[in-house]
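Here is how the chains run, residue by residue.
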Amino acid sequence: MTSITHDCAGVNWQEAAELMRTAPLADRKPDVVRRCFENSDVVAFAWQDGRLVGMTRMLSDHTCQAVLYDLCVLPQAQGTGVGRQLMKAALKRCDAPSVVLWAVPGKEGFYEKFGFRPMLTAMANFADPESSRLQGYIR
């Protein structure tokens, strides 16, 4: 059984960083992961038998727009509904009428199930453009 929590209390940030790395989503230091989640407006953590198996976060202006980031699920828990539970939990807590996200290439179909559609234009200014290009985020 999966339980969802909505605060950062009790999260082992080493475990969270490892989850992001193995999902695979990103390779971030535990303190960076902690700061990202603690500074977010909405967080959701998925737990199974006391183990962190998934997480996501959102930023919001609480009026017009929100952005969903870092939805990740351990590989062995992918396809079991954990990601769907995290999406529903985060979207339910969101108070903005429009939500955008940055999908890992190849995962767009998952987000389409929640009403997300490709945008006609999107641009980004990356600190490391070459790494972002190699990861498939930019042309």
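Predicted model only: the values in this text are computed from it and were never measured.

Participant: Can you tell me about the overall build of the chain, naming the residues and giving the values?
Facilitator: The number of helices and strands found in the chain is 5 helices and 5 strands. Along the chain direction, N to C, the helices and strands of the chain fall in the order β-α-α-β-β-β-α-β-α-α. Taking 14 Å as the expected radius of gyration for a compact globule of 139 residues, we find that the chain reaches 15 Å, a close match to that expectation. C-alpha atoms of the chain, sized along the principal axes, occupy 40 × 35 × 30 Å. When burial is assessed residue by residue, the chain has 37% of its 139 residues classed as buried. Within the chain, residue pairs in contact and separated by at least 24 positions form 57% of the contacts whose partners lie at least 6 positions apart. When the accessible surface of the chain is split by element, carbon and sulfur atoms take 51% of a total near 8,700 Å². Taken as two groups, the 16 positive and 15 negative side-chain charges of the chain have centres that lie 5 Å from each other.

Participant: An account of the sheet that holds strand β2 (residues 42-48) is requested, with residue identities and associated values reported.
Facilitator: If you walk across this open sheet you meet the 5 strands as β1-β2-β3-β4-β5, and the pairing is mixed. The open sheet has two free edges, formed respectively by β1 (2-5) and β5 (98-101), since each of these has just one partner strand. Pairwise comparison of adjacent strand axes, ignoring direction, gives a mean angle of 25° for this sheet. In this structure, β2 lies alongside strand β3 (residues 51-60), joined through 7 bridges in antiparallel fashion. Paired with Q48 across the bridge in β3 is R51.

Reading the values: rules and limits
- Residues numbered from 1 in each chain as written.
- Predicted model: local features only at pLDDT ≥ 70, side-chain atom pairs only at ≥ 80, totals over all residues.
- Heavy atoms only, no water.
- Helix = DSSP H or I, 4+ residues; strand = E, 2+ residues; numbered from the N terminus.
- Rg over C-alpha atoms; globule rule 2.2 N^0.38 Å.
- Buried < 20%, exposed > 50% of the residue type's maximum accessible area, 1.4 Å probe, protein only.
- Contact = heavy atoms within 4.5 Å.
- Areas by Shrake-Rupley, 256 points an atom, 1.4 Å probe, with all protein chains shown as cover.
- Lys, Arg positive; Asp, Glu negative; His and termini not counted.
- Charge placed at Lys NZ, Arg CZ, Asp CG, Glu CD.
- Pairing = 2+ DSSP bridges.
- Axes fitted to C-alpha atoms, helices over the stretch in contact; angles between N-to-C directions.

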